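Examination of the molecular architecture
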Amino acid sequence: MERRHFIRIAGGGVVVAATAGAFAGCSGFGIPASATAAWQPPPNDMDIRRFVLSYALLAPNPHNRQPWIADLSDPEAISLRVDRARLLPETDPFSRQIVMGCGAFVELLRLAATARGYYSEITLFPDGAPSDTLDDRPFARVTLTQSPGVQPDLLFRSALKRRTDRREYDSTRPVATADVLVLQSTVQTAPLQFGVVGQSGNTDDGRVAAIRLVTNDAWRAELITERTMLESMHLLRVGSAEIDEHRDGIVITSPMLVTLKRLGLFSTTTFPAPDSKGTVSQLAKFDAASASTRSYLWLATEGNSREQQLLAGRAYARLNLMGASLGLVMHPNSQALQEYAEVSAQRAAIHTLLQVPAPQFTVQMLARVGYPAAGSDEEGPAPRRGLAAHLHEGPRPRV
Ligand SMILES: Cc1cc2nc3c(=O)[nH]c(=O)nc-3n(C[C@H](O)[C@H](O)[C@H](O)COP(=O)(O)O)c2cc1C
């Protein structure tokens with residue numbers, strides 16, 4: 001007999017839903033190929049500015065907002081600014097993470113340029129850096145020059161296979177110390193601190209367990225706080241049609257949720273009760289992923305300037321790419337680093353656990369890192385909006 005679940009829905013009602021198996025053969029749940037078309041390599045003879053931007057937009061970035069605008073009105077340069085309609089004001093109130101995503105974008109751009117023998121001259125915040133609130137001034141200006149001395153950067157090889165992997169990892173394997181050393185080598189010239197808690201030579205089980213607890217706690221705080229939870233819920237793209245329409249945000253492919261949404265029984269605009277089935281199962285899923293984690297990677301800066309945030313984003317992109325080439329999987333756990341009141345205790349705890357005292361230091365990135373669980377498939381690519389969505393070719397906006 002078919003198993004059934006009772007699902008408590010927004011508004012307090014209860015519906016009976018069949019198991020996922022009952023949806024087998026139905027369509028419209030998965031990520032359509034059109035939403036990930038940007039992961040196909042661009043032609044090698046494409047105009048160099050468009051070529052490098054086609055790779056840059058594959059950068060990791062918070063909530064997959066892809067908030068990047070590339071201004072090509074000066075034929076000699078690319079001017080990059082943030083699309084301020086794509087910020088995360090509740091979970092990222094100072095846009096620190098958004099700026100990190102901009103750093104990751106710049107790094108992918110630079111790597112792609114090397115693949116075609118171009119050197120990138122990058123000026124960060126050429127018209128000055130914003131303070132707490134972002135504005136329309138560029139976060140970078142890039143000029144590309146072909147030079148016989150530029151060799152393809154090895155990290156570029158992973159540009160199309162880099163992923164964020166939120167699944168459970170192999171719980172028997174902390175990251176090998178040899179792999180930590182390779183990761184370290186990709187960021188060693190950057191003025192920031194990098195570390196991995198839990199590695200084969202020093203499993204540091206106590207500290208790994210403590211980080212797990214703090215990240216689980218911060219995740220819970222985000223889900224049970226109405227304004228932060230709703231910020232994410234507004235970015236849920238539920239089922240193939242919505243995923244294809246937006247090509248950003250948080251993708252939901254669960255047949256059950258897609259069906260409930262279609263039936264009008266799952267709302268992305270109503271705050272679910274902390275004890276709702278959806279919230280409880282999300283917490284359980286996150287806890288299970290944490291429980292499978294033997295290693296956490298972190299980046300910290302002494303200070304927290306906009307340039308340092310960009311630098312940290314560039315460094316994370318490099319680590320994620322190098323990880324992909326080593327067979328490592330990564331998943332940022334940013335909840336405990338966020339700057340809203342309900343997670344201030346978790347934020348303080350992470351700084352203490354990593355021995356980088358705040359406010360002198362800012363932990364810019366904390367990520368699960370490990371090896372895929374036995375038998376897990378390769379993680380698929382996340383949607384991208386594609387090059388045209390990022391291009392601005394007209395006159396520059398007034399600041
Ligand atoms: C600064 C920063 C913070 C992030 N924080 C989280 C996070 O807390 N949880 C998460 O699942 N993914 C996080 N991510 C990963 C993004 O969600 C991911 O890059 C985006 O969805 C695109 O997917 P992709 O990396 O597979 O291309 C973060 C990425 C960046 C750059």
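Scroll up a little and you will see the structure.
Everything numeric here is computed off the predicted structure, so don't read it as measured data.

Structural notes on the pairing of strand S3 (residues 68-71)
Here is the key point about a regular strand: its side chains alternate between the two faces of the sheet. Alternating residues of S3 divide into Trp68 and Ala70 and Ile69 and Asp71, and every residue in both groups is buried. Here S3 runs beside strand S4 (residues 78-82); their pairing, made up of four bridges, is antiparallel. Across the sheet, residue Asp71 finds its bridge partner in S4, namely Ser79. As paired elements, S3 and strand S13 (residues 391-392) share two bridges and run parallel to each other. Each residue of the ladder has a partner; that of Asp71, found in S13, is His392.

Some words on the side chain of Arg306
With respect to the secondary-structure elements, Arg306 resides in helix H9 (residues 306-326). Of the side chains with opposite charge, Asp132 comes closest to the buried, unpaired Arg306, at an N-O distance of 5.4 Å. A distance of 2.8 Å separates the side chain of Arg306 from the backbone oxygen of Phe94, its partner in a polar contact. Only 3.5 Å separates the side chain of Arg306 from the backbone oxygen of Pro130, close enough to count as a polar contact. Beyond its immediate sequence surroundings of up to four residues, Arg306 is in contact with Phe94, Ser95, Arg96, Val99, Phe125, Ala129, Pro130, Ser131, Asp132, Thr133 and Leu134.

Examining the sheet that holds S3
Strands pair in a sheet through their backbones, by hydrogen bonds, and they do so in one of two ways: parallel or antiparallel. The sheet built from five strands is open, its strands ordered S5-S6-S4-S3-S13 with mixed pairing. Single-partner strands in this sheet number two, and they are strand S5 (118-124) and S13. Most of the contacts of helix H2 (residues 96-115) go to S5, to which it runs at about 160 degrees, and overall it touches S3, S4, S5 and strand S6 (140-146).

Points about the site of the ligand
For the ligand, the set of nearby residues contains 20 residues, the closest of which are Arg162, Thr164, Arg166, Ser334 and Arg384. Pro332 places a main-chain nitrogen or oxygen 3.1 Å from a nitrogen atom of the ligand. For the ligand, whose accessible area on its own is 620 Å², the fraction buried by protein is 92%. At the level of secondary structure, the elements contributing two or more residues to the shell around the ligand comprise H2 and strand S11 (329-332).

Here is what the cut-offs are and how they apply
- Residues numbered from 1 in each chain as written.
- Predicted model: local features only at pLDDT ≥ 70, side-chain atom pairs only at ≥ 80, totals over all residues.
- Heavy atoms only, no water.
- Buried < 20%, exposed > 50% of the residue type's maximum accessible area, 1.4 Å probe, protein only.
- Helix = DSSP H or I, 4+ residues; strand = E, 2+ residues; numbered from the N terminus.
- Pairing = 2+ DSSP bridges.
- Lys, Arg positive; Asp, Glu negative; His and termini not counted.
- Salt bridge = Lys/Arg side-chain N within 4 Å of Asp/Glu carboxyl O.
- Polar contact = N/O pair within 3.5 Å; in protein donor to acceptor, adjacent residues only side chain to side chain.
- Contact = heavy atoms within 4.5 Å.
- Axes fitted to C-alpha atoms, helices over the stretch in contact; angles between N-to-C directions.
- Near = heavy atom within 4 Å.
- Areas by Shrake-Rupley, 256 points an atom, 1.4 Å probe, with all protein chains shown as cover.

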